[in-house]
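# Residue-level structure breakdown
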Amino acid sequence: MAKVFKVTPKRIKRSNGLVLTPNMSVIVTTQQHMTSPFNNGAKELKEVYMRIYGFDYQKACCQQADFTFEVLG
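Keep in mind that what you see is a predicted model, and the values were worked out from it rather than measured.

Let's shift gears to the sheet that holds strand S1 (residues 3-9). Taking strand neighbours across the sheet as the criterion, the three strands line up as S4-S1-S5 in an open arrangement whose pairing is antiparallel. Each of the sheet's edge strands pairs with one partner strand only, and the pair in question is strand S4 (26-30) and strand S5 (67-71). The sheet shows a mean angle of 30° between the axes of neighbouring strands, taken without regard to direction. In the packing of helix H1 (residues 43-53) onto the sheet, contacts are made with S1, S4 and S5, and the angle to S4 comes to roughly 140°.

Written out as structure tokens, the structure reads:
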């Protein structure tokens, strides 16, 4: 059973020529029932950011501490 999260960056982050801002919120649906969207190497989160914003999560050296998330369902 999947789980849905709303993920929001905490602050503006500039790294490796990429910019992440707090208005870049996304809705992430995980393939498995997880307690955090950062489990499983944040695979689904990386895909959503690349698809919606063209933002490379890994290249920007993002980590869980850069975001807040809430469970939607």
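Under the defined criterion, the tally for this structure stands at seven aromatic pairs. With a centroid separation of 5.8 Å and 65° between ring planes, the pair formed by Tyr 49 and Phe 55 is classed as edge-to-face. Through a chain of ring-to-ring contacts, three or more aromatic side chains come together here, namely Phe 5, Phe 38, Tyr 49, Tyr 53, Phe 55, Tyr 57, Phe 67 and Phe 69.

Pairing is possible between side chains that carry opposite charge, provided their charged atoms lie close to one another. Tallied over the entire structure, the rule returns two salt bridges. Two residues, Arg 11 and Asp 66, come together in a salt bridge whose shortest N-O distance is 3.4 Å. Taken together, the residues Arg 11 in the loop between S1 and strand S2 (13-15) and Asp 66 in the loop between H1 and S5 connect sequence positions 55 residues apart. Exposure remark for Arg 11: the relative accessible area of 47% places this residue in the partly exposed category. A single network of salt bridges, built from pairs that share partners, joins Arg 11, Lys 13 and Asp 66.

Right, let's get into the nonpolar core. Ranked by size, the top nonpolar core spans 17 residues in total, and within it Val 7, Leu 45, Tyr 49, Phe 55 and Phe 67 carry the most contacts. Within the residue set of this core, elements represented by two or more residues are S1, strand S3 (18-20), S4 and H1. Of all the elements, H1 adds the most residues to this core, at three residues. Not counting chain neighbours up to four residues away, the residues in contact with Val 7 comprise Met 24, Ser 25, Val 26, Val 28, Pro 37, Phe 38, Leu 45, Tyr 49, Phe 67, Thr 68 and Phe 69.

Cut-offs and rules
Residues numbered from 1 in each chain as written. Predicted model: local features only at pLDDT ≥ 70, side-chain atom pairs only at ≥ 80, totals over all residues. Heavy atoms only, no water. Pairing = 2+ DSSP bridges. Helix = DSSP H or I, 4+ residues; strand = E, 2+ residues; numbered from the N terminus. Axes fitted to C-alpha atoms, helices over the stretch in contact; angles between N-to-C directions. Contact = heavy atoms within 4.5 Å. Phe/Tyr/Trp six-rings, centres within 6.5 Å; stacked < 30°, edge-to-face > 60°. Salt bridge = Lys/Arg side-chain N within 4 Å of Asp/Glu carboxyl O. Buried < 20%, exposed > 50% of the residue type's maximum accessible area, 1.4 Å probe, protein only. Core = buried A, V, L, I, M, F, W, Y, C linked by side-chain atoms within 4.5 Å.

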